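# Close look at the chain arrangement
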Amino acid sequence: MINLATLNKLTYGLYIVTSVDQGRCNGFTADAVFQVSANPPTIGICIKKDNLTHDFVAKAQVFAVSILADTAPAELIRHWGLKSGRQEDKCVNTEYKTGITGCHLITKDTLGAIECRVVNVFDAGSHTIFLGEVVSAESFSDGEPLTYAQYRKKIKPALKQTDKKGDAMKKYRCVVCDYIYDPALGDPDSGIAPGTPFEKIPDTWVCPICQVDKSNFELLD
Ligand code: FE
């Protein structure tokens, strides 16, 4: 048996990963960031292949990881995590400094930033794993880092609360299998009529693909 919801019990931090393409910055909030080696100091990141930052890292072969503080506001997470760089320049109106790789290092609501040059790339199905040797690391402030568990408990509910206002027909994505619930289509096979907003779906409903419950869905912007 494979109960994919069990994977949500793994623990992570939360970061803003940025890269550059011909001077243009893009980035996203990531949880899959980890140190893989001490000598040379090496960081691994996983990026979904259809993410714009994926293309930037693949091309530029550099990335930066800004470490979010546990005091980071929900709006910052929304800005980097729920918008696409294909629609807008996410680096506008953010406080940053440019690192030695050209990547933006986010300096507000973060504890520090690490810059890496890619030294290895692994295909991992839906995602690519980039290993990067650390070329700079800088602390901005003391404090506690934000964890993914804190994000799920505190920030995600706050985002959902504000999203309820006027966003009844927005799509939601299953974080486990990437299935997208489209209110216009509903889920007729499970008795959810077309035109049913995600919020109106009974809590007993589960993802038609991987069977996890509604708490595993996030707003698709
Ligand atoms: Fe699913």
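Everything in this summary refers to the structure shown in the same document. Numbering of residues starts from 1 in each chain and follows the order in which that chain's sequence is written. Under the rules for a predicted model, residues below a pLDDT of 70 receive no local features and side-chain atom pairs below 80 are neither given nor counted, while totals for whole chains, interfaces and linings still include all residues. Note that the side-chain values use all heavy atoms of the structure and ignore hydrogens as well as water.

### Some points on helix α1 (residues 52-60)
For clarity, the cut-off: Accessibility here uses a 1.4 Å probe with only protein chains present; expressed as a share of the type maximum, an area under 20% marks a residue as buried, one over 50% as exposed, and anything in between as partly exposed. By the criteria applied, helices consist of DSSP H or I runs no shorter than four residues and strands consist of E runs no shorter than two, each listed in order from the N terminus. Whether two residues touch is decided by their heavy atoms; if any such pair falls within 4.5 Å, the residues are in contact. What qualifies as a polar contact is a pair of N or O atoms within 3.5 Å, subject to a donor-acceptor requirement within protein and to the restriction that residues adjacent in sequence count only when both atoms come from side chains.
Burial in α1 covers these residues: Leu52, Thr53, His54, Phe56 and Val57. Against β1 (15-21), β2 (24-30), β4 (41-48), β5 (62-68), β8 (110-124) and β9 (127-139) lie the buried residues of α1. Residue asparagine 51 occupies the N-cap position of α1, its side-chain oxygen lying 2.9 Å from the main-chain nitrogen of threonine 53. Trailing α1 by a residue or two, glutamine 61 shows a phi angle of about 65 degrees, which is positive.

### Things to note about the pairing of β5
Under the convention used in this document: When DSSP finds at least two bridges between two strands, those strands are taken to pair.
The buried fraction of β5 is high, at six of seven residues. Strand direction decides the pairing type here: β5 and β8, joined by seven bridges, are antiparallel. Considered in β8, the bridge of serine 66 is made with alanine 113.

### Observations regarding empty space enclosed by the protein
Filter applied, for reference: The way it works is a 1 Å grid over only the protein atoms, where trapped points that fit a 1.4 Å probe form a cavity and open points with protein on both sides within 12 Å along at least five of seven lines form a pocket, and then any residue with an atom within 4 Å of a point lines it. Grid points are joined across faces, edges and corners, and a volume is the space filled by probe spheres set on the points. Charged residues are taken to be Asp, Glu, Lys and Arg, nonpolar residues to be Ala, Val, Leu, Ile, Met, Phe, Trp, Tyr, Cys and Pro, and polar residues to be all remaining types, Gly included.
Per the counting criterion, the structure on display carries one cavity of 30 Å³ or more. In this structure, the largest cavity spans a volume of roughly 70 Å³. Counting only elements with at least two residues in the lining of the largest cavity, the list comes to α3 (148-163) and β12 (217-219). Per element, the largest residue contribution to the lining of the largest cavity is five residues, and it comes from α3. Looking at the lining of the largest cavity, its residues break down into six nonpolar, no polar and four charged.

### Some points on the sheet that holds β5
Selection rule: Fitted lines through C-alpha atoms give the axes, limited to the stretch in contact for helices. The angle between two N-to-C directions lies from 0 to 180 degrees.
Pairing is antiparallel across the open sheet formed by seven strands, whose spatial order is β2-β1-β5-β8-β9-β4-β3. Only two strands of the sheet have a single neighbouring strand rather than two, namely β2 and β3 (33-38). In this sheet, adjacent strand axes meet at a mean angle of 35 degrees when their direction is disregarded. Pairing of β4 with β9, which is carried by seven bridges, proceeds in the antiparallel orientation.

### Looking at the coordination of the iron ion
Put simply, the rule is: Only nitrogen, oxygen and sulfur atoms qualify as donors, provided they sit within 2.8 Å of the metal or within 3.2 Å for Na, K and Ca; with water excluded from the atoms, sites may seem incomplete. In short, tetrahedral needs four donors with all angles between 85 and 135 degrees, square planar needs four and octahedral six donors with opposite donors over 155 degrees apart and all other angles between 65 and 115, and whatever is left is irregular.
Donor atoms from the polypeptide that coordinate the iron ion comprise Cys174 (SG), Cys177 (SG), Cys207 (SG) and Cys210 (SG), at 2.3 Å from the metal. Taken together, the four donor atoms coordinating the iron ion and their angles of 103 to 117 degrees define a geometry best described as tetrahedral. One chain supplies every donor to the iron ion, and in sequence these donors are spaced C-x2-C-x29-C-x2-C. There is no split in this pair, since cysteine 207 and cysteine 210 are both buried.

### Digging into the nonpolar core
Note that soluble globular proteins tend to have their nonpolar side chains buried in a common cluster. The criterion, for reference: In these notes, a set of buried Ala, Val, Leu, Ile, Met, Phe, Trp, Tyr and Cys residues joined through side-chain atoms within 4.5 Å is what counts as a nonpolar core.
In this structure, Leu14, Leu68, Ile77 and Tyr151 are the most contacted members of the largest nonpolar core, which totals 16 residues. Every element with two or more residues in this core is listed here: α2 (74-81) and α3. When residues of this core are assigned to their parent elements, the largest contribution, four residues, is made by α3. Once residues within four sequence positions are removed from consideration, tyrosine 151 is found in contact with Leu14, Ile77, Leu146, Lys156, Pro157, Leu159 and Glu218. Among the nonpolar cores identified, the runner-up in size contains 15 residues, and Tyr15, Ile43, Phe63 and Cys116 belong to it.

### Some points on the pairing of β3
One ladder, built from five bridges, connects β3 with β4; its direction is antiparallel. Directly across from glutamine 35, in β4, lies its bridge partner isoleucine 43. Linking β3 to β4, which pair antiparallel, is a turn of two residues.

Limitation: the analysis is restricted to geometry and does not speak to function.
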